[in-house]
Amino acid sequence: MNPTDIIIPHDLLPQDGRFGSGPSKIRPAQIDALSAAGRTLLGTSHRQDPVKNVVGSIREGLSEFFHIPDGYEAVLGNGGASAFWDVICANVITRTAAVGVYGSFSQKMATSIVSAPFLNDPVIYESAPGTYRIPDFTPEADTYCWAHNETSTGVAAPVRRVPGSREAGALTVVDATSAAAALPVDISETDIYYFSPQKAFGSEGGLWIAILSPAAVERAFHIGETLECAHGERWIPPFLSLTSAITNSRKNQTLNTPSLSTLLLLDNQVRYLNEQGGLAWSSKHCADNAQLLYTWAEASSFANPFVEDPAARSNSVVTVDLVEDLHDSDVLAALRTNGIVDVSGYRKLGRNQLRVGVFPNVQTRDVAQLTHCIDYVARQLLMNS
Ligand SMILES: *Cc1c(COP(=O)(O)O)cnc(C)c1O
């Protein structure tokens, strides 16, 4: 049977078919807010108060949302989390990093470090996809890096300082791109908690946001002042300068022109999340969504959670393996024909797998409907195979 011929009964469909792991669902109210505020703000200068106030509102809203400790600050810049990997290389790592690698995104961070000619090769702590590996205490490391949520595999790792690392003067730097706003976190366990806004924050891409500790700010200024090009040690491209991002952010600006629509969508989302009850609310909501899927998969005859250790299963990105007879490409095609999109596994992982973003904007009822839709499609496909 041609998967695109399958018509899912209407009463099984979710209200909204967007289940991507990033970009992710944007609420209609965000679009309305963008349209309303955009009428006067889009097409105006980011150096003037109306836009600076939006940036200020985002920074304050995030500080409230993450209950950031005294002295920490929310900083932002252009380029997304991918650019921030290079920001870390240029401005944060003094010589040597210890890195946890357990999937594509944590691997990319490690690869950036390897490619920086002025840094030592990182000490890598690796584990198989579907598990996680936090670095051990490493005497020569001045920076510890890992990902809170490995988006390529649906694994969530703990965010706790490596014992002894702080006493040794090392910084803890956590990629929270698909975790921030979905998974609980104690920011005091990190020096840099960074993310892009198009995942759990349901905005658009192109921006990075980092919650910085005083020690991280101090490190960036120290490296900028003592190791930069003029001293012959390293080149910090102006676009990747963390000190300039900090200086601009403190004035509610960015080094260069940001996407105002991204900022407006994000501002609306941060306000919304804080009104709902902040991170306690959103992490509970995502946990409920994820639990529904894991429970369904465990009971299913054709699906199974990919991550074996229940404690490592992510509550923001859920991965589910399918039995051999049921091809993910057929399931994806049938779902897409019926308006359910972006539930493909991570391509490079190469498994027969579905992957569902269960971020705060995704309704629990829609997750339940999604399971009914997958059941329906699977029955049709298996019956006719
Ligand atoms: C998506 C993602 C990135 C890259 O984000 P961009 O905004 O596309 O640069 C980095 N790390 C993780 C964990 C991600 O999920």
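This one's a predicted model, so the numbers in the text were calculated from it and none came from an experiment. (Residues numbered from 1 in each chain as written. Predicted model: local features only at pLDDT ≥ 70, side-chain atom pairs only at ≥ 80, totals over all residues. Heavy atoms only, no water.)

**Here's the deal with the side chain of Ser 104**
Quick reminder of the rule: To qualify as a helix, a DSSP run of H or I must reach at least 4 residues; to qualify as a strand, a run of E must reach at least 2; elements of each kind are numbered from the N terminus. Note on classification: 1.4 Å probe, protein chains only; a residue is buried when its accessible area is under 20% of the maximum for its type, exposed when over 50%, partly exposed between these limits. Here, two residues are considered to be in contact whenever any of their heavy atoms come within 4.5 Å of each other.
Inspection of the secondary structure assignment puts Ser 104 in helix α4 (residues 104–115). With a relative accessible area of 14%, Ser 104 lands in the buried category. Setting aside residues no more than four positions away along its own chain, Ser 104 makes contact with Glu 150, Ser 152, Tyr 346 and Lys 348.

**Observations concerning the pairing of strand β9 (residues 207–212)**
What counts here: Any two strands are treated as partners once DSSP identifies two or more bridges connecting them.
In terms of residue burial, β9 counts as a mostly covered element, since 6 of its 6 residues are buried. The two faces of β9 match: Leu 207, Ile 209 and Ile 211 on one face and Trp 208, Ala 210 and Leu 212 on the other face are all buried. Here strand β1 (residues 73–78) pairs with β9 via 6 bridges, running antiparallel. Note on β9: the bridge partner recorded for Ala 74 is Ile 211. With 4 bridges connecting them, strand β8 (residues 192–195) and β9 associate as antiparallel partners. In the strand pairing of β9, Tyr 193 is matched with Ile 211.

**Observations concerning the domain arrangement of the chain**
Often the size quoted for an interface is simply the accessible area lost on bringing the parts together. Counted only if it meets this: Boundary definitions for the domains trace back to an automatic or database domain assignment. The quantity reported as buried area is the accessible area (1.4 Å probe) lost by two parts once they are put together, taken as the sum for both.
Segmentation of the chain into domains returns domain 1 (3–26 + 279–383) and domain 2 (29–274). The C-alpha centroid of domain 2 is placed 28 Å from the C-alpha centroid of domain 1. Roughly 2300 Å² is buried in total at the junction of domain 1 and domain 2, and carbon and sulfur atoms are behind 60% of that figure. Together, Ile 26, Leu 279 and Tyr 346 form the three largest contributors to the area buried by domain 1 at its contact with domain 2, with a combined 29%.

**Regarding the sheet that holds strand β12 (residues 353–357)**
Threshold: Geometry is summarised by axes, namely lines fitted to C-alpha atoms with helices restricted to the contacting stretch, and by angles between N-to-C directions that run from 0 to 180 degrees.
Pairing is antiparallel in the open sheet, where 3 strands are placed in the order β10-β11-β12. The open sheet has two edge strands, β10 (303–305) and β12, and neither has a second partner. Taking each pair of neighbouring strands and ignoring which way they run, the sheet shows an average axis angle of 30 degrees. Two strands pair when backbone bridges link them, and strand β11 (residues 317–322) and β12 are joined in this way by 5 bridges, in the antiparallel orientation.

**What about the environment of Ile 88?**
Relative to the assigned elements, Ile 88 resides in helix α3 (residues 80–91). By relative accessible area, which is 0% here, Ile 88 ends up buried. For the pair Ile 88 and Val 173, spaced 85 residues apart in the sequence, the C-alpha separation amounts to 8.6 Å. When residues no more than four places from it in sequence are discounted, the contact partners of Ile 88 are Ile 93, Met 109, Val 173 and Tyr 194.

**Focus: the nonpolar core**
Applicable threshold: We call a set of buried residues a nonpolar core when its members are Ala, Val, Leu, Ile, Met, Phe, Trp, Tyr or Cys and they connect through side-chain atoms within 4.5 Å of each other.
Ranked by internal contacts, the top residues of the largest apolar core, which has 55 residues, are Phe 66, Tyr 193, Phe 201 and Leu 263. Looking at this core, the elements that each hand over two or more residues are α1 (28–41), α2 (49–65), β1, β4 (143–147), β8, β9, α7 (260–276) and α8 (278–299). Each of domain 1 (3–26 + 279–383) and domain 2 (29–274) contributes no fewer than three residues to this core. Residues within four places of Phe 201 in sequence aside, it is in contact with Gln 30, Leu 62, Phe 65, Phe 66, Ala 180, Ala 181, Phe 195, Leu 266, Gln 269, Val 270 and Leu 273. Within the second largest apolar cluster, 35 residues are counted, among which are Val 87, Ile 93, Met 109 and Ile 113.

**A short note on the pattern of salt bridges**
Our working definition: When a carboxyl oxygen of Asp or Glu is within 4 Å of a side-chain nitrogen of Lys or Arg, the pair counts as a salt bridge.
Taken as a whole and judged by the stated rule, the model has 11 salt bridges. For Lys 284, the salt bridge goes to Asp 288, with nearest N and O atoms at 2.8 Å. On the criterion of helical spacing, the pair formed by Lys 284 and Asp 288 is a turn pair, its members being 4 residues apart in helix α8. When its relative accessible area of 34% is taken as the criterion, Asp 288 is described as partly exposed.

**Observations concerning the packing of aromatic side chains**
Threshold: Centres within 6.5 Å make a pair out of two Phe, Tyr or Trp rings, where for Trp the six-membered ring is used; the pair is then stacked when the planes are under 30 degrees apart, edge-to-face when over 60, and tilted otherwise. In this scheme, Lys NZ or Arg CZ marks a charge over a ring once it lies within 6 Å of the ring centre and within 35 degrees of the ring normal.
One pass over the structure, following the stated rule, counts 11 aromatic pairs. On the basis of an interplanar angle of 85 degrees and a centroid distance of 5.0 Å, the ring pair of Phe 65 and Phe 66 is categorised as edge-to-face. Judged by its relative accessible area of 2%, Phe 66 falls in the buried class. Residues Phe 65 and Phe 201 carry aromatic rings whose centres are separated by 5.7 Å and whose planes lie at 65 degrees to one another, so their mutual orientation is edge-to-face. Highlighted residues: Phe 65 in helix α2 and Phe 201 in the loop between β8 and β9, separated in sequence by 136 residues. For the pair shown, Phe 65 and Phe 201 are each scored as buried. Three or more aromatic residues link up through ring pairs in this structure, and these residues are Phe 65, Phe 66, Tyr 193, Phe 195 and Phe 201. In this structure, Lys 199 packs its charged tip against the face of Phe 105, placed 5.0 Å from the ring centre. The ring of Tyr 294 is capped by Arg 313, whose NZ or CZ atom sits 5.5 Å from the centre of that ring.

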